[in-house]
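Structural characterization, general
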Amino acid sequence: MDTPSGTIIFTTVGRTHYGFDVFSLHIASSVERRLTDGVSVNFNAQFADDNGNDIVFVSERAGSARIFRTRPGNSKPEQLPGAPESFFHDRPIITQDNTLYFISAHEQPDRHFKNWTALYSVNPNSKEKAVTRVTPPDTADFSPTISKSGKYFAVASYGSRSWGGEFHEINTDIVIFKPSEPEKRVVVCERGGWPAWSGDSTVFFHRQADDGWWSIYRFDIPENLNLSPVEPVRVTPPGLHCFTPAAFHDGKRIAVATRRRGVNSRHVEIFDLEHKTFQAVTEPLNPSFHHYNPFVSANSELLGYHRFRGESTQGESTVPNLESIVSPIKTLRLIRLNGSFPSSSPEGDLIALNSDFDINGGIKVARSDGSKRWTLIKDRTAFYNSWSPTERHVIYASLGPIFRPAGIAVQIARIQFSPSDLIDDRDEVPCEVKFLTLDNTGNNAFPSCSPDGKSVVFRSGRSGHKNLYILDAVNGESEGGEGIRRLTEGAWIDTMPCWSPKGDLIGFSSNRHDPSNDAAFGAYVVRPDGTGLRRIEIAGPEGSEEAARERVNHVSFDKDGDWLVFTANLGGITAEPVAIPNQFQPYGDLYVVKLDGTGLRRLTWNGYEDGTPTWHTVDDLGLSGLSLNGQDGDKLEGQFEEPLWITCDI
């Protein structure tokens with residue numbers, strides 16, 4: 001089959017709990033007003049007129065990140081034209097001549113491990129609505145901003161370099177050009193992100209200072225743009241983090257997002273450039289909410305930002321169990337799950353999942369239309385589910401802490417329940433838990449059941465190294481060594497196995513090609529008898545620089561055993577991670593590839609970490625009737641984290 005088909009279910013770190021809306025604050029009166037309508041997530045806005053009456057912003061209400069504009073008197077925002085083949089739009093700007101500029105990531109660069117993002121423009125009022133690439137070919141740009149008169153653009157540019165693998169502070173430079181001559185670009189300042197114009201002559205930006213604090217810097221534009229890059233001046237002091245600046249055009253103030261010692265939330269503050277003082281803006285109003293990416297009206301009276309919409313405002317208040325996402329392949333459907341490690345029942349009408357990985361975790365079962373969810377195991381850490389292909393009432397899972405060393409106790413469990421207990425008027429379903437692995441055998445995790453239901457392949461650290469083993473799916477292993485056999489062996493990590501529906505192959509991730517590097521994982525397959533082990537060449541041939549950089553995880557076969565879906569780092573970074581809630585691996589996007597390494601296609605584009613994909617057992621799965629309005633999902637409470645690598649313990 002030349003084109004993959006079916007349904008892929010996956011998770012996105014934190015995204016289902018964002019509940020973002022865009023707000024504005026009248027600075028003089030401290031009156032806050034919501035500017036978006038509480039549908040999906042809405043973020044990264046700019047004012048679209050001089051008085052701040054309407055905005056352009058990004059929303060994911062259509063199943064991908066698209067650009068919308070509010071209009072006074074209209075309750076629903078208007079979707080603006082973008083790149084038709086793009087599934088990621090970001091940082092929109094409407095100029096005085098009504099040109100829309102935006103970031104997109106739809107054009108593949110000349111090689112893997114390059115960032116896809118670039119600046120584009122379109123005239124929303126033109127008949128053709130033709131999209132023009134502003135960024136030069138094979139160059140990556142982030143975070144555009146335009147000067148007050150519209151004379152200059154500034155971007156945080158990665159240039160034509162390959163992505164270096166960094167994601168805390170990405171290695172961009174501040175580049176300036178005229179909209180009329182975008183090919184004449186000048187690097188005016190090395191190492192900086194998120195530029196913001198004040199007037200036509202000053203640019204502010206953020207970077208992490210040598211003392212560890214994220215700070216705002218500024219530089220004045222030289223009259224001769226062809227001079228060497230200028231040395232910027234640090235504006236905000238150490239002792240707090242300041243990022244994502246927005247400048248007032250009076251040249252006296254900037255708005256910044258901050259993180260302070262003793263304050264758990266990100267807040268927006270105004271910094272007085274002359275007196276070197278901060279004015280709290282959002283903390284007095286919403287002390288427990290994170291506030292992101294401020295922007296300022298042209299008349300300097302309004303300050304905008306996005307945050308969790310809160311429980312007191314109208315809008316979506318429930319996290320859907322399942323959410324349809326736009327797919328770049330017409331024959332393939334993408335579903336985002338509120339949870340992780342999905343696995344479908346043999347008939348495809350149920351999905352097992354993990355809701356969390358801490359003491360509040362456990363195992364849940366949901367209908368495949370999202371309408372109802374039950375708890376099998378609660379208040380116990382569980383992860384990586386595998387539904388028996390032959391037994392509707394049996395799920396295999398790992399019980400114990402996730403992502404821990406080889407010697408930490410984690411057990412493979414066979415979980416049995418009665419499907420007749422899955423009724424609408426109950427939320428918890430009794431189950432029996434049987435451990436298949438013995439005590440004191442280390443970290444046993446990531447089970448995957450064979451198509452005949454007789455065996456389970458899993459990863460174990462019992463030897464001191466994490467390798468693959470095959471276990472009796474009913475009786476488990478015995479003290480005498482019966483019921484278990486070793487599949488792989490070596491001083492490296494073999495992990496996250498998946499048994500092909502054909503039964504002929506087991507796919508897994510491994511760093512066996514570079515055992516000293518615990519971030520270098522490739523995709524491998526092996527026969528259940530241990531023969532035929534080979535690496536699937538995705539980014540490049542074995543031994544190449546591209547193959548060495550692969551970080552491929554969470555492989556899963558389609559129902560015919562011909563394609564693999566996985567998460568990987570092949571496309572670099574899509575948005576500045578410091579401007580987004582915590583993502584452990586913000587470069588993680590979903591891809592599909594044939595078992596011979598051909599047919600590679602990217603499936604997702606965003607600033608998030610997409611992971612734990614699985615191909616559903618049934619093509620249509622009942623998802624054609626996905627219940628978006630009748631789901632019994634979690635209450636939307638804005639429970640997500642700030643980037644864990646931003647610390648005030650300096």
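Worth saying up front: this structure is predicted, and the values here are computed from it rather than measured.

**Considering the layout of surface pockets**
Looking at the second largest pocket, its volume works out to about 850 Å³. Together, 39 residues line the second largest pocket, and Q46, F47, I93, I146 and H249 are the ones closest to its centre. Mapped onto the lining of the second largest pocket, the elements with two or more residues apiece are β4 (42-47), β8 (89-94), β12 (140-146), β16 (193-198), β20 (240-247) and β24 (291-296). For the lining of the second largest pocket, the per-class residue count stands at 22 nonpolar, twelve polar and five charged.

**Overview of the pairing of strand β27 (residues 332-337)**
Taken across its six residues, β27 has five buried, putting it largely inside the fold. Where strand β1 (residues 6-12) lies against β27, five bridges are found, and the strand directions are parallel. Bridged to T7 within β27 is R333. Both strand β26 (residues 322-325) and β27 contribute to a ladder of four bridges, which runs antiparallel. Paired with E323 across the bridge in β27 is R336.

**Things to note about the nonpolar core**
By size, the foremost hydrophobic cluster in this structure holds 29 residues, and its most contacted members are Y18, F20, F88, L119, F153 and F177. Going through the elements one at a time, β9 (100-104), β13 (153-159) and β14 (173-178) are the ones with two or more residues in this core. Those residues within four positions of Y18 in sequence are excluded, and the remaining contacts are V13, V41, F308, I580, P581, Q583, Y608, L636, G638 and F640.

**Looking at the sheet that holds strand β30 (residues 362-367)**
With antiparallel pairing, the four strands of this open sheet are ordered in space as β28-β29-β30-β31. Each edge of the open sheet carries a strand with a single partner, namely β28 (340-344) and β31 (373-378). In this sheet, adjacent strand axes meet at a mean angle of 20° when their direction is disregarded.

**Remarks on the packing of aromatic side chains**
Tallying each qualifying case throughout the model produces 29 aromatic pairs. Between Y18 and F640, the ring centres sit 5.1 Å apart and the planes meet at 70°, which makes this aromatic pair edge-to-face. Of this pair, Y18 sits in the loop between β1 and β2 (20-26) while F640 sits in the segment after β48 (610-615), and the two are 622 residues apart along the sequence. An aromatic cluster is built from Y18, F20, Y292, Y608 and F640, whose rings are joined through pairwise contacts. Geometry around Y524 places R512 over its ring, the cationic atom sitting 5.8 Å from the centre.

**Observations regarding the side chain of R512**
Looking at the element boundaries, R512 is found in the loop between β41 (506-510) and β42 (522-526). On the basis of relative accessibility, which here comes to 18%, the residue R512 falls in the buried class. A distance of 2.9 Å separates the side chain of R512 from the side chain of D494, its partner in a polar contact. Ignoring any residue separated from it by four or fewer positions in sequence, one finds R512 in contact with T488, W492, D494, Y524 and L533.

**As for the pattern of salt bridges**
A side chain of one charge can pair with a side chain of the opposite charge when the charged atoms of the two come close. For the structure on display, the rule yields 38 salt bridges. With a shortest N-O distance of 3.5 Å, K559 and D560 are connected by a salt bridge. Judged by its relative accessible area of 37%, K559 falls in the partly exposed class. Ionic contacts of the salt-bridge type, sharing partners, join the residues R15, E60, E323 and R336 into one network.

**Topic: empty space enclosed by the protein**
Tallied over the entire structure, the rule returns four cavities of 30 Å³ or more. Looking at the largest cavity, its volume works out to about 420 Å³. Around the largest cavity sit 36 residues that line it, and E60, F88, N606, G607 and Y608 are the ones nearest its centre. Breaking the lining of the largest cavity down by element, the ones donating at least two residues are β4, β8, β12 and β26. Considering every element that reaches the lining of the largest cavity, the biggest residue donor is β8, with three residues. In this structure, the second largest cavity spans a volume of roughly 50 Å³. For the second largest cavity, the full set of lining residues is H168, E169, I170, T172, G192, G193, H206, W214, E576, P577 and V578. Its residues placed into classes, the lining of the second largest cavity shows four nonpolar, five polar and two charged.

**Here's the deal with the sheet that holds strand β17 (residues 202-208)**
Strands pair in a sheet through their backbones, by hydrogen bonds, and they do so in one of two ways: parallel or antiparallel. Here four strands make up an open sheet; going across it, the order is β16-β17-β18-β19 and the pairing antiparallel. In this open sheet, the two edge strands, each paired with only one partner strand, are β16 and β19 (233-234).

**Regarding the environment of G607**
Examined against the element boundaries, G607 turns out to sit in the loop between β47 (601-602) and β48. When neighbours within four sequence positions are excluded, G607 is seen to be in contact with F88, T574, A575, I580, Q583 and P586.

**Notes on the environment of L436**
Within the secondary structure layout, L436 lies in the loop between β35 (431-435) and β36 (444-449). Expressed as a C-alpha distance, the spacing of L436 and D97, which sit 339 residues apart in the sequence, is 68 Å. In contact with L436, not counting residues within four places along its chain, are Y396, I412, R414, L471, D472, A473, V474, N475, G476 and E477.

**Details of the side chain of R309**
Summarising the element assignment, R309 is placed in the loop between β25 (302-308) and β26. Those residues in contact with R309, other than ones at most four positions away along the chain, are G19, F20, D21, F23, R34, G38, V39, S40, N42, Q314, E316 and L636.

**Considering the state of the cysteines**
Counted by the stated rule, this structure contains zero disulfides. C242 carries a free sulfur, and the closest cysteine sulfur to it, the one in C648, is 10 Å from it. Residue C431 stays outside any disulfide, its sulfur separated by 17 Å from that of C449, the closest cysteine.

**Describing the environment of D424**
Note that D424 resides in the loop between β34 (411-417) and β35. Note: C-alpha distance between D424 and W374 (50 residues apart in sequence) is 8.9 Å. Apart from the residues within four sequence positions on either side, D424 is in contact with R367, K372 and W374.

**As for unusual backbone geometry**
Backbone geometry places S40, a non-glycine residue, at a positive phi of 60°. Note that S40 resides in the loop between β3 (31-34) and β4. At N293, a position not held by glycine, the phi torsion is positive, near 55°. Among the secondary structure elements, N293 is positioned in strand β24. Residue class for N293 comes out buried when judged on its relative accessible area of 4%.

So, how was this worked out
Residues numbered from 1 in each chain as written. Predicted model: local features only at pLDDT ≥ 70, side-chain atom pairs only at ≥ 80, totals over all residues. Heavy atoms only, no water. 1 Å grid on protein atoms, 1.4 Å probe; cavity = no way out; pocket = protein on both sides within 12 Å on 5 of 7 lines; lining within 4 Å. Points joined across faces, edges and corners; volume = space filled by probe spheres on them. Helix = DSSP H or I, 4+ residues; strand = E, 2+ residues; numbered from the N terminus. Nonpolar A, V, L, I, M, F, W, Y, C, P; charged D, E, K, R; others polar. Buried < 20%, exposed > 50% of the residue type's maximum accessible area, 1.4 Å probe, protein only. Pairing = 2+ DSSP bridges. Core = buried A, V, L, I, M, F, W, Y, C linked by side-chain atoms within 4.5 Å. Contact = heavy atoms within 4.5 Å. Axes fitted to C-alpha atoms, helices over the stretch in contact; angles between N-to-C directions. Phe/Tyr/Trp six-rings, centres within 6.5 Å; stacked < 30°, edge-to-face > 60°. Lys NZ or Arg CZ within 6 Å of the ring centre and 35° of its normal. Polar contact = N/O pair within 3.5 Å; in protein donor to acceptor, adjacent residues only side chain to side chain. Salt bridge = Lys/Arg side-chain N within 4 Å of Asp/Glu carboxyl O. Disulfide = S-S within 2.5 Å.

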